[in-house]
Amino acid sequence: MEQQPDILQKKEVGASSAQASIPQRIWKYKLHYLIVIPALLLLLLFKWIPFLNGVFLSFVDYQVFKGIWESEWVALNNFTHLFDDPVFREVFKNTIVIKGLYILMSGVITFLLALALSSIRSKLLRGFFSSLFLVPFFIPSVVFASIFIYALSPSTSPFFSTGSLILVDAGWFQPVLVCIEVLKTCGIPIVIAVAAIAAKHAMVSGHGSGGISFKQSYSQMNVIPAARATAAFMVLQLSTLLTTDFELLNSLLNPLVYETGATLDHYSYQAGFLMMEVSKSAAISMVQYGIQLLFTILAYIIVRGYFFKDLFHSYTSASAIQSNSNAKSAIGIATASLYAVVVILLLFMLFIFPFTGSSNTDVTNNQVGQLFTFSNTFYHVFVDLFAVFIFMLITVTLAYPLTVRRLPGRRAYKLLLLLSFTMSGGQISEYMFARNLEMVNTIFPQLFFGLFNLAVVFVLKSIFNAKHADLKMQAEAAGRGELHTFFTLFIPKIWKPLLALGALHFVMLWNAYYPSLIYMANPENQSPMLQFMLLTNTGEWDAKQILRLGAWLSLPSVLLFLLFRRWLTSEVLIGSIRKL
């Protein structure tokens, strides 16, 4: 009976909104339209204009001396030649196989480990395993690849010594690559699935007086929530069906395994930036965009309709899970420990092994200082932090209008955001746009093109609506203005997840070397991560020295993870799923 006034209040608000005309509702919610204008202008300038240039590039035979608009129009010839190219068909198949294997393997491991963690009685031990499984995600891809290059090498591995070179075996490269990527990213879906189980336990416990009823079966309490959350993760991964981790793949790929290891991202990079086949690269990007847009919209509809409550709920702490079976707890600890051993070994390889013993080559601190200067490192940290600040402003202003369910034009606005965040960064069209504005060899492309991760707009909106939508309706019924609601309700309720999303965005920017690779030719101004990547290819430094530098470069991201761990809830981590 206590909830009856709220229900009546909701009905009154809904009725008044329904009776109001569209012009009246537009005027009522005018702040929601005004607040998005700066972000939409940035989106138009740094997303849509380069994208539309890319669309045009894919239909012309680009000639560098003629420019984009004076090049000959060839209609669909670029796409025809593309699908007639056996190399393209091969890398297209590779991409589908690698991504399919990743989705399948990560789904299976997520489901099993989520059940294992939910069976552990000790909340402290459960939290330790969950945090440990997340750490690899915060290690830069190029550093992560280096760990395995040296760990799997017969001459440098501290674990075993064999004559097998598994990373140059074309038959083994795909499964090994998938295993490495799963190990790096699987902590995120595991946390999401465990949170879904915790939400189920908390809900059942909240309806009772003394905790979870013994009549509730293990299947209802644990298996079904884990399966649904895992299925949601797998569906969301379909939105990146033709996209892989370029930096991880590029660090592991070599000519001996190119036939089975090359993907569309790598093939597009080679065509556009190494061979200067600009129109071909643009056509590849359009194929990726068209297919992934369809899967993105499909994934959004499926998740929004069937799995929303499994991903966004009022309970975010795994401490709500209750396990009373000693046998299941022992099995859960044993299962989680097996996976934990693998994670601990790779952390040992990065943070302990390089600092033990001596190196085979003598590299002085002065040589290290020449490569990684304090001024350049501080400069990139400052630029990344500034980009994160603008990113958070963009995210807040774009998310706020989505909290109003009866906002006129809301569906068109959501479709615009879906169309925008499917546009992948680092394409040849963005490079051409930056070059025309004379921004190449400056920090500005890395800054401006690093402002967006539109997936988190939906995440932030869903976090607020799942927990605080009633408060917003109450404020509306009480006659509170939209500006008042924005500053006294919306911001106070989402500032913690917003800061956590900002920390994740900084990790993404700091860990990446690809933007600096395509935009920055001056070695002195290249990002520390790109300098590290180039250093690994010289062969001048030995394994311990390379990994030692990798450990130092990984430290900012790992420290941010430890600092924000409590705020990196399952809902917040959903914003990184598209980056997996």
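Note: the structure precedes this text.
These numbers come from a predicted model, not from an experiment. Throughout, a residue's number is its position along its own chain's written sequence, starting from 1. A pLDDT threshold of at least 70 governs which residues receive local features in this predicted model, and a stricter bar of 80 or more applies before side-chain atom pairs are shown or counted, although totals over entire chains, interfaces and linings include all residues. Side-chain calculation: all heavy atoms of the structure are included, whereas hydrogens and water are not.

Colleague: What am I meant to see in the packing of helix 15 (residues 278–311) against helix 19 (residues 410–421) here?
Modeller: The axes of two packed helices give the description: the angle between them and the distance between them. Here the axes come from fitting lines to C-alpha atoms, over the contacting stretch only for helices, and the angles between their N-to-C directions go from 0 to 180 degrees. For helices the rule is a DSSP run of H or I covering at least 4 residues; for strands it is a run of E covering at least 2, with both sets numbered from the N terminus onward. The contact between helix 15 and helix 19 brings their axes to 9 Å, and the two run at 135 degrees. Classified by the angle their axes make, helix 15 and helix 19 are oblique. Crossing of helix 15 over helix 19 shows right-handed handedness. Along the contact surface, helix 15 presents Tyr289, Leu293, Thr296, Ile297 and Tyr300, while helix 19 presents Lys414, Leu415, Leu418, Leu419 and Phe421. Between 65 and 115 degrees an angle is taken as roughly perpendicular, under 35 as roughly parallel, over 145 as roughly antiparallel, and anywhere else as oblique. Handedness of a crossing is defined here by the sense of rotation of the near helix relative to the far one, left-handed for an anticlockwise turn of less than a right angle and right-handed for a clockwise turn. By definition, residues are in contact when any of their heavy atoms lie within 4.5 Å.

Colleague: What should I look at first to understand the packing of helix 11 (residues 218–237) against helix 15 in this one?
Modeller: The geometry of helix 11 relative to helix 15 is characterised by a closest axis approach of 9 Å and an angle of 150 degrees between their N-to-C directions. On the basis of the axis angle, helix 11 is roughly antiparallel to helix 15. Handedness of the helix 11/helix 15 crossing: left-handed. Along the contact surface, helix 11 presents Arg228, Ala231, Ala232, Val235 and Leu236, while helix 15 presents Ala299, Ile302, Val303, Tyr306, Phe307, Asp310 and Leu311.

Colleague: Just checking my understanding: could you explain helix 7 (residues 123–134) for this structure?
Modeller: Within an α-helix, residues lying three or four positions from one another point in the same direction, as the helix has 3.6 residues per turn. Expected helix span is taken as 1.5 Å per residue step, with the number of steps being one fewer than the number of residues. Between its first and last C-alpha atoms helix 7 spans 17 Å; for 12 residues at 1.5 Å apiece the expected length is 16 Å, and the two agree. Looking at helix 7, one finds that the buried residues are Arg126, Phe129, Ser130, Leu132, Phe133 and Leu134. Burial classes follow relative accessibility: with a 1.4 Å probe on protein chains only, a residue under 20% of its type's maximum area counts as buried, one over 50% as exposed, and anything between as partly exposed.

Colleague: Is there a simple way to think about the environment of Ser153 in this case?
Modeller: Tracing the sequence through the fold places Ser153 in the loop between helix 8 (141–151) and helix 9 (170–185). For Ser153, a relative accessible area of 16% gives the class buried. C-alpha of Ser153 to C-alpha of Lys30: the two residues are 123 residues apart in sequence and 61 Å apart in space.

Colleague: Help me understand the nonpolar core, please; the structure alone is not making it clear to me.
Modeller: Buried residues of nine kinds, namely Ala, Val, Leu, Ile, Met, Phe, Trp, Tyr and Cys, make up a nonpolar core once their side-chain atoms join them within 4.5 Å. Residues Phe133, Phe144, Leu398 and Leu568 are the most contacted members of the largest nonpolar core, which totals 175 residues. If one sorts the elements of this core by residue count, helix 15 sits on top with 14 residues.

That is the geometry; function is a separate question.
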